[in-house]
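# Analysis of the macromolecular model
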Amino acid sequence: FYNFFFVSYVISPTYCHRLVGYLEEEAVKTYTKCLEEFDKGNLPVWEKTPAPEIAKHYWNLSENATMRDVIANIRADEANHRDVNHTL
């Protein structure tokens, strides 16, 4: 994959950024589905799992943040990456 992507980037950086943007869009969809499962109560263990300290620090989350908060912030990051890659 690395060689293919490298050659593709040399030929057309726009194509490669667009491809990465589509991959990021799939990540956003996946995290959205995960959040929907949280909201439906289908992830009882994760609902009670506190956010890791590194996530609290990275995203400036509150001390009582949960894994749902972490997933929501990851989704927001992925959406930003998607948007940036689609503009390059």
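Residues numbered from 1 in each chain as written. Predicted model: local features only at pLDDT ≥ 70, side-chain atom pairs only at ≥ 80, totals over all residues. Heavy atoms only, no water.

This part covers the nonpolar core. Cys-34, Leu-35, Phe-38, Ala-51, Ala-55, Leu-61, Ala-65, Met-67, Val-70, Ile-71 and Ile-74 form the largest nonpolar core, which has 11 residues in total. Mapped onto this core, the elements with two or more residues apiece are α2 (13-40) and α5 (67-87). Among the elements that line this core, the one with the most residues is α5, at 4 residues. Once residues lying within four places of it in the same chain are set aside, the contact partners of Leu-35 are Arg-68, Ile-71, Ala-72 and Arg-75. (Core = buried A, V, L, I, M, F, W, Y, C linked by side-chain atoms within 4.5 Å. Buried < 20%, exposed > 50% of the residue type's maximum accessible area, 1.4 Å probe, protein only. Helix = DSSP H or I, 4+ residues; strand = E, 2+ residues; numbered from the N terminus. Contact = heavy atoms within 4.5 Å.)

One way to put it is that helix α1 (residues 2-11) packs onto α2 with a least axis distance of 5 Å and a crossing angle of 125°. Comparing their axes, α2 and α1 come out oblique. Only Pro-13, Tyr-15, Cys-16, His-17, Leu-19 and Val-20 of α2 make contact with α1, whose side of the interface consists of Phe-4, Phe-5, Ser-8, Tyr-9 and Ile-11. Class assignment for the residues of the contact of α1 with α2 results in 9 nonpolar, 2 polar and no charged. (Axes fitted to C-alpha atoms, helices over the stretch in contact; angles between N-to-C directions. Parallel < 35°, antiparallel > 145°, perpendicular 65-115°, else oblique. Nonpolar A, V, L, I, M, F, W, Y, C, P; charged D, E, K, R; others polar.)

Nothing here speaks to function; it is geometry throughout.
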